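Per-entry structural report
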Amino acid sequence: MSQILILDDEPAILQSLRRMLRVAPCVYGSQHFDLQIETFVSARAALERARHEPFDLFLTDYRMPEMDGVSFLKAAKEAQPDACRLILSGYADLNALTRAVNEVGIDRFIGKPWNDYELVSAIAQALAHRELLLENRRLADLMRVDIGDLSPADLEARRLEAIEPGITRVSWAADGSVILEPDPESEAPAGPVI
């Protein structure tokens, strides 16, 4: 379940987004994302919630009375640096867009009125990208070793083993050929790590 926080100072916009995201499938490639949505009209209340609950994605309006969307996302990024960040705005302000990219690293700037398909696609793409980054970090953490003692071939074998366990073990037949599917009846020894 992907946790989504949506912030907009207009309750009608929040209702419309919530209704649309409940019915539209959030899919990117073969990945399907079930969305759990929380909405807020107050940036301060949304920030307080973000400090205590994990979210996968923040979607905010740009222009709001308490604070603008970039300021909100900057504070949200401090609390949850791995969450996706999208801005929804009816104002095509190039300076605001540049600021959002440079200060906050937003994933997407979406114009109002939005196209439902494009918005759901942007959310799915951002969530898929987040999952990929988190998986890469997890794999990098698995691979942390003292590389001074390992050859490049050993490092590659460890990387492959982390992705697909068992991929670097080879079973050899008596004639020197590689056994692709070992016979469960035989006790063929595993060959060297390649």
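An account of the accompanying structure is given in this report. In this text the structure is predicted, and so the values were computed from the model without any measurement.

1. Brief notes about a nonpolar patch on the surface
Nonpolar side chains collect at one region of the surface, where Trp172, Val178 and Leu180 lie side by side and expose about 330 Å² of accessible area between them. As for its position among the elements, Leu180 is in the loop between strand E9 (178-179) and strand E10 (190-193).

2. Considering the pattern of salt bridges
All told, the structure shown has seven salt bridges when counted by the stated rule. Between Glu48 and Arg51 there is a salt bridge; the shortest N-O distance is 3.9 Å. Highlighted residues: Glu48 and Arg51, both in helix H2 (residues 43-52), separated by three residues, approximately one helical turn. Looking at Glu48, the relative accessible area reads 39%, which means it is partly exposed. By relative accessible area, Arg51 is classed as exposed at 51%.

3. Comments concerning the side chain of Asp61
Mapped onto the elements, Asp61 comes out in strand E5 (residues 57-61). The class of Asp61 is buried, set by a relative accessible area of 4%. In this structure, Asp61 is in contact with Leu7, Asp8, Asp9, Gly69, Leu88, Ser89 and Lys112, ignoring residues within four places of it in sequence.

4. Comments concerning the nonpolar core
Core analysis: the biggest nonpolar cluster contains 26 residues, and Leu17, Leu57 and Leu86 have the highest contact counts within it. Broken down by secondary-structure element, the contributors of at least two residues to this core are strand E1 (2-7), helix H1 (11-23), strand E4 (35-40), E5, strand E6 (84-89) and helix H5 (116-143). Leu17 has contacts with Ile6, Leu59, Leu88, Trp114 and Leu119, leaving out every residue within four places of it along the chain. Counting residues in each nonpolar core, the second largest holds 21 residues, with Phe58, Met64, Val70 and Ala83 among its members.

5. Considerations on the environment of Leu14
Inspection of the secondary structure assignment puts Leu14 in helix H1. With a relative accessible area of 5%, Leu14 lands in the buried category. For Leu14 and Glu38, which are 24 residues apart along the polypeptide, the C-alpha to C-alpha distance reads 9.5 Å. Here Leu14 is in contact with Ile6, Leu7, Asp8, Thr39, Phe40 and Val41, once residues within four sequence places are set aside.

6. Quick notes on the pairing of E6
Of all six residues in E6, six are buried, a share of seventy percent or more. On E6, burial covers both faces: Cys84, Leu86 and Leu88 on one face and Arg85, Ile87 and Ser89 on the other are all buried. Pairing between E5 and E6: five bridges, direction parallel. Residue pairing across strands places Leu59 opposite Leu86, the latter belonging to E6. Handedness of the crossover is the feature at issue here: the chain leaves E5, passes through helix H3 (residues 69-79), returns alongside E6, and the resulting connection is right-handed. Where E6 and strand E7 (residues 108-111) come together, four bridges link them in parallel fashion.

Calculation rules
Throughout this document, residue positions are counted from 1 along each chain, in the order its sequence is written. Since the coordinates come from a predicted model, pLDDT governs what is reported: local features require at least 70, and pairs of side-chain atoms require 80 or more to be given and counted, while whole-chain, interface and lining totals use all residues. Note: side-chain values were computed over all heavy atoms of the structure, leaving out hydrogens and water. Here the term patch refers to residues with relative accessible area over 30% and no salt bridge, with like charges joined within 9 Å and nonpolar side chains (Val, Leu, Ile, Met, Phe, Trp, Tyr) within 5 Å. Computed with the Shrake-Rupley method and a 1.4 Å probe, the accessible areas treat only the protein chains shown as cover for residues. The salt bridge definition used is simple: a Lys or Arg side-chain nitrogen within 4 Å of an Asp or Glu carboxyl oxygen. Counting from the N terminus, the helices are the DSSP runs of H or I reaching at least four residues and the strands are the DSSP runs of E reaching at least two. When accessible area is computed with a 1.4 Å probe and restricted to protein chains, residues below 20% of their type maximum are described as buried, those above 50% as exposed, and intermediate ones as partly exposed. Contact between two residues is taken to exist if any of their heavy atoms lie within 4.5 Å; hydrogens are not considered. Residues enter a nonpolar core if they are buried and are Ala, Val, Leu, Ile, Met, Phe, Trp, Tyr or Cys, with the set joined through side-chain atoms within 4.5 Å. Two strands are counted as paired when DSSP detects at least two bridges linking them. Convention used here: a crossover is right-handed provided that the path from the first strand, over the helix, to the second strand proceeds clockwise when the strands point away from the viewer.

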